[in-house]
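In case you want the letters, here they are:
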Amino acid sequence: MGRGAEGLVLVINSGSSSIKYQLLDPESSVVAAYGTVERIGEDDGAIEHHAHGETTVRCRPIADHTTGLRLVFDMFSATGRDLVREDVRAVGHRVVHGGEVFYRPTLIDDSVVDAISELSALAPLHNPANVAGIESARELLPGVPQVAVFDTAFFHSLPDAAKTYAIDAELAAAHGIRKYGFHGTSHEYVSGRAAALLGRDPAELNQIVFHLGNGASASAIRGGRPIDTSMGLTPLEGLVMGTRPGDLDPGIVPHLARSARLDIDQIDALLNRDSGIKGLSGVNDFRELQRLIDGGDRTARLAYDVYIHRLRRYLGAYLVELGGVDAITFTAGVGENSPQVRADALANLARFGIEVDQTANTANDRGARHISPPEAPVAVLVVPTNEELAIARAAHRVVAETT
Ligand code: ADP
């Protein structure tokens, strides 16, 4: 048997056909185990579980989220840890949309589950999957407190001028249409870490954070609070992403309906799954895009140029909104790992005090670090995000406060 799970938090990020999970200590941030269940609902489901430095893979059909989570528990048992019998301190769930209702980590009861379900109209691709994960976890660990941590929460207090869309005000109010913003857990965590790296109080800093993963978003943060962010009512708005276009003339939607005779679900799928880098180049993984560019592929080059162009547009907008910036931070898969993207996003901005040091930028370093020259007025940083740790800490805090 492994060490008991007392004090550990199980973090669950439940997607439409996947469950990502981590068991970790919120205080020391040590991860005891983690893994992914993939292709739930299909014949070729699989789980990959990492514990004690070993990886175990099992392939089998996984009918639904409860079956998937049961498989996770089986994997824990097979690697020496019985999650049902040991004392897991809390389960922290990533929930994508908290709407106007949820703006802080929330202890889950039946009414919270119902409210998250009701918000599915705003996030039909995400919230139902989050609810499935919550219901499965409550069933399997009935005595353990469960906490929902919302992707929208950090942006709840965006200024009215930033969060309001210029459409019919009554219609917008009736249908909850406003900018909500997403990746909030990451933007909050990374901006806090950036301030710590600079040895400064977040209250004193103007920051811009670029979270560049498969999904991508930017935020402008003044004194620790966001004043703008690139994602909107849904995660479709803003930066160019792996499979989403980001900003788009809204007129394109009716034009596609009339001209290409696509119905609304087809357009939704096109915008969520087949646009962005993938729509332009055929691949959504940035490493593959880089390989295509290196091989002389011109459509891949264009996809990259569109991606960088959009990043710079947001950088310019946020520089002005903030009235100057102290720190620009890159995070997530692309932001942490692509020196090229970081260098291109910030090229030729020395007159604004923004410079990237080539040696620091290309150094083989994975930790939180500076990539600007020491004397540059604006600190440019790379800070690895850790949403699981932030969720575990939030869940731990809520449980400590309420029990
Ligand atoms: P998400 O959590 O949104 O699924 P990640 O933050 O894991 O995404 O980022 C995934 C993206 O990061 C992919 O496009 C992947 O190609 C990119 N990425 C990962 N490693 C590298 C790397 N070494 N160089 C460039 N891009 C990378």
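Structural notes, computed from the coordinates. Because the structure is predicted, anything quoted here is derived from the model rather than measured.

Broken down by element type, the protein carries 15 helices and 14 strands. Its C-alpha atoms give the protein a radius of gyration of 21 Å, within 12% of the compact-globule value 22 Å for 403 residues. Expressed along its principal axes, the backbone C-alpha trace of the protein runs to roughly 60 × 55 × 45 Å. Across the 403 residues of the protein, 50% fall into the buried class. The contacts of the protein with a sequence gap of at least 6 include a subset with a gap of at least 24, amounting to 64%. Accessible surface, the protein as shown: approximately 18,600 Å² in total, 50% of it carbon and sulfur. Separation between the mean location of the 37 positive side-chain charges and that of the 52 negative ones in the protein comes to 3 Å.

Moving on: the packing of aromatic side chains. Describing an aromatic ring pair means giving the distance of the ring centres and the angle of the ring planes. The tally for this structure, following the rule as stated, stands at 7 aromatic pairs. Their ring planes at 25° and their centres at 5.6 Å tell us that Phe 210 and Phe 330 sit as a pair that is stacked. Here Phe 210 is found in strand β9 (residues 206-212), whereas its partner Phe 330 is found in strand β12 (residues 327-331), with 120 residues between them in sequence. Owing to a relative accessible area of 1%, Phe 210 belongs among the buried residues under this scheme.

This part covers the pattern of salt bridges. According to the stated counting rule, one finds 14 salt bridges in the structure shown. The closest approach of N and O atoms between Arg 81 and Glu 86, which form a salt bridge, is 3.6 Å. Taken individually, Arg 81 and Glu 86 each receive the classification buried, so the pair is uniform in this respect. Overlapping salt bridges bring together Glu 38, Arg 39 and Asp 44 as one network.

Thresholds, definitions, all that
- Residues numbered from 1 in each chain as written.
- Predicted model: local features only at pLDDT ≥ 70, side-chain atom pairs only at ≥ 80, totals over all residues.
- Heavy atoms only, no water.
- Helix = DSSP H or I, 4+ residues; strand = E, 2+ residues; numbered from the N terminus.
- Rg over C-alpha atoms; globule rule 2.2 N^0.38 Å.
- Buried < 20%, exposed > 50% of the residue type's maximum accessible area, 1.4 Å probe, protein only.
- Contact = heavy atoms within 4.5 Å.
- Areas by Shrake-Rupley, 256 points an atom, 1.4 Å probe, with all protein chains shown as cover.
- Lys, Arg positive; Asp, Glu negative; His and termini not counted.
- Charge placed at Lys NZ, Arg CZ, Asp CG, Glu CD.
- Phe/Tyr/Trp six-rings, centres within 6.5 Å; stacked < 30°, edge-to-face > 60°.
- Salt bridge = Lys/Arg side-chain N within 4 Å of Asp/Glu carboxyl O.

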